[in-house]
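# Chain and residue survey
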Amino acid sequence: MKPLAQLRHNPKNAVELIRRMEPIMDDAGYHCALTGSVLFKGGTDHDTDIILYPHDPNKQMPHDQLLELLVKQIGLKIRFKTTPNYVNREVWLCSYENRNIDLFFFNEQPRVD
């Protein structure tokens, strides 16, 4: 197993990305938080998982518009988007500096079937 510092996805580069994202997210009514293997194991070669959650309903913009801001302002690349699934989330599979980044949008209201 590689030393944690040599893994493509590690806390250092994840926090650097989140710090670049957060001002854009805040202006759009959201915040972001690290989760997944980078947080829980200290790193991985697979991807970085980031949760995007609403904090100001008066400023919230549609997800696709928010992602376009991230594309324009920090160079995020969108690979594809999933549809909301059984846990009521929308996932955008992206890349940043040749690393896979999964963005999980969580909706405000729980899904009721």
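Residues numbered from 1 in each chain as written. Predicted model: local features only at pLDDT ≥ 70, side-chain atom pairs only at ≥ 80, totals over all residues. Heavy atoms only, no water.

## Concerning the pattern of salt bridges
As enumerated under the stated definition, the model contains two salt bridges in all. The residue lysine 12 makes a salt bridge to glutamate 16 at a minimum N-O spacing of 2.9 Å. Of the two residues, lysine 12 and glutamate 16 are both situated in helix α1 (residues 11–27); the distance of four residues between them amounts to about one turn of the helix. Under the relative-accessibility criterion, lysine 12 is labelled exposed at 61%. For glutamate 16, a relative accessible area of 42% corresponds to the partly exposed category. (Salt bridge = Lys/Arg side-chain N within 4 Å of Asp/Glu carboxyl O. Helix = DSSP H or I, 4+ residues; strand = E, 2+ residues; numbered from the N terminus. Buried < 20%, exposed > 50% of the residue type's maximum accessible area, 1.4 Å probe, protein only.)

## As for the nonpolar core
Ranked by internal contacts, the top residues of the largest apolar core, which has 24 residues, are Met21, Ile50 and Leu103. Broken down by secondary-structure element, the contributors of at least two residues to this core are α1, β1 (30–35), β2 (48–54), α3 (63–74), β4 (89–96) and β5 (99–106). The element that contributes the greatest number of residues to this core is α1, accounting for six residues. When sequence neighbours within four positions are dropped, the list of residues in contact with isoleucine 50 reads Leu17, Ile18, Met21, Cys32, Ala33, Ile101, Asp102, Leu103 and Phe104. (Core = buried A, V, L, I, M, F, W, Y, C linked by side-chain atoms within 4.5 Å. Contact = heavy atoms within 4.5 Å.)

## Examining unusual backbone geometry
Non-glycine residue glutamate 97 carries a positive phi angle of around 50°. Structurally, glutamate 97 is set in the loop between β4 and β5. When its relative accessible area of 54% is taken as the criterion, glutamate 97 is described as exposed. Even without being glycine, asparagine 98 reaches a positive phi, approximately 60°. Within the secondary structure, asparagine 98 sits in the loop between β4 and β5.

## A word on the pairing of β5
The buried count for β5 comes to six of eight residues, which makes it a mostly enclosed element. Sheet topology places β2 next to β5; five bridges connect them, and they run parallel. Paired with leucine 52 across the two strands is phenylalanine 105, which belongs to β5. Both β4 and β5 contribute to a ladder of eight bridges, which runs antiparallel. Residue pairing across strands places arginine 89 opposite phenylalanine 106, the latter belonging to β5. Adjacent in sequence and paired antiparallel, β4 and β5 are bridged by two residues, among which glutamate 97 carries a positive phi angle near 50°. (Pairing = 2+ DSSP bridges.)

## Some words on the packing of α1 against α3
Two elements in contact, α1 and α3, have axes separated by 10 Å at closest approach and are oriented at 125°. By the angle between their directions, the pair α1 and α3 is classed as oblique. Of the two possible hands of crossing, α1 and α3 adopt the one that is right-handed. In this structure, α1 contributes Leu17, Arg20, Met21, Ile24 and Met25 to the contact, and α3 contributes Leu66, Leu69, Leu70, Gln73 and Ile74. Tallied by class, residues from the contact of α1 with α3 come to eight nonpolar, one polar and one charged. (Axes fitted to C-alpha atoms, helices over the stretch in contact; angles between N-to-C directions. Parallel < 35°, antiparallel > 145°, perpendicular 65-115°, else oblique. Left-handed = near helix turned anticlockwise from the far one by under 90°. Nonpolar A, V, L, I, M, F, W, Y, C, P; charged D, E, K, R; others polar.)

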